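# Examination of the molecular architecture
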Amino acid sequence: MNQAPALEGEPLRAVEHRGSHVQIIASAGSGKTEVVSQRIVSLLKEGISGRDIVAFTFTERAARELKDRVVDRVEQIIGHDALDLIAGLFVGTIHAYAFRF
């Protein structure tokens, strides 16, 4: 399991932003998955329920990668016993989210 990289600058500001939704748009390989996964973990640490967090991706493959990264980061940053915090968390495409309804 890799250690969560330390973020700085704009990526760190995206993780720490509160008060409104965040849309992260960047090129391939720029670290979007890491930023979003650390933001989710940050929200969970603050007591936000996984049921109250929605992370949209463009593809199911990207969603699987993000879900895996969130699990890794929860274990690394909060601890293995905190994995139940991600219950109800939605990570997927907007189409999959709409299909749920």
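Read on for an overview of the structure. No experiment lies behind these values; they were computed from the predicted model shown.

Moving on, we come to the pattern of salt bridges. For the structure on display, the rule yields 5 salt bridges. Ionic pairing is found between Glu46 and Arg18, a salt bridge with its closest N-O pair at 2.9 Å. Linking Glu46 in the loop between α2 (32-45) and β1 (54-57) with Arg18 in the loop between α1 (9-16) and α2, this pair joins segments that are 28 residues apart in sequence. We note a salt bridge from Glu34 to Arg69, for which the minimum N-O separation is 2.8 Å. Placement of the pair is Glu34 in helix α2 and Arg69 in helix α3 (residues 60-78), with a sequence separation of 35 residues. Judged by relative accessible area, Glu34 falls into the buried class, the value being 6%.

Taken together, the side chains of Val54, Phe56 and Ile94 make up a nonpolar region of the molecular surface, amounting to roughly 270 Å² of accessible area. Assignment of secondary structure puts Ile94 in helix α4 (residues 94-100). On the basis of relative accessibility, which here comes to 49%, the residue Ile94 falls in the partly exposed class.

Rolled over the atoms, a probe as big as a water molecule pinpoints where empty space is left. Approximately 1300 Å³ is the volume attributed to the largest pocket. Around the largest pocket sit 34 residues that line it, and Val22, Ile24, Val36, Ala55 and Phe56 are the ones nearest its centre. It is α2 that contributes the most residues to the lining of the largest pocket, 7 residues altogether. Class assignment of the residues belonging to the lining of the largest pocket gives a composition of 17 nonpolar, 11 polar and 6 charged. When its volume is computed, the second largest pocket comes out at roughly 210 Å³. Lining the second largest pocket we find Glu10, Pro11, Arg13, Ala14, Val22, Gln23, Ile24, Ala26, Ser30, Gly31, Lys32 and Val35. Elements represented by at least two residues in the lining of the second largest pocket include exactly α1 and α2. Sorting elements by how many residues they give to the lining of the second largest pocket places α1 first, with 4 residues. Looking at the lining of the second largest pocket residue by residue, the class counts come to 6 nonpolar, 3 polar and 3 charged.

Conventions we followed
Residues numbered from 1 in each chain as written. Predicted model: local features only at pLDDT ≥ 70, side-chain atom pairs only at ≥ 80, totals over all residues. Heavy atoms only, no water. Salt bridge = Lys/Arg side-chain N within 4 Å of Asp/Glu carboxyl O. Helix = DSSP H or I, 4+ residues; strand = E, 2+ residues; numbered from the N terminus. Buried < 20%, exposed > 50% of the residue type's maximum accessible area, 1.4 Å probe, protein only. Patch = residues over 30% accessible without salt bridge, like charges linked within 9 Å, V, L, I, M, F, W, Y side chains within 5 Å. Areas by Shrake-Rupley, 256 points an atom, 1.4 Å probe, with all protein chains shown as cover. 1 Å grid on protein atoms, 1.4 Å probe; cavity = no way out; pocket = protein on both sides within 12 Å on 5 of 7 lines; lining within 4 Å. Points joined across faces, edges and corners; volume = space filled by probe spheres on them. Nonpolar A, V, L, I, M, F, W, Y, C, P; charged D, E, K, R; others polar.

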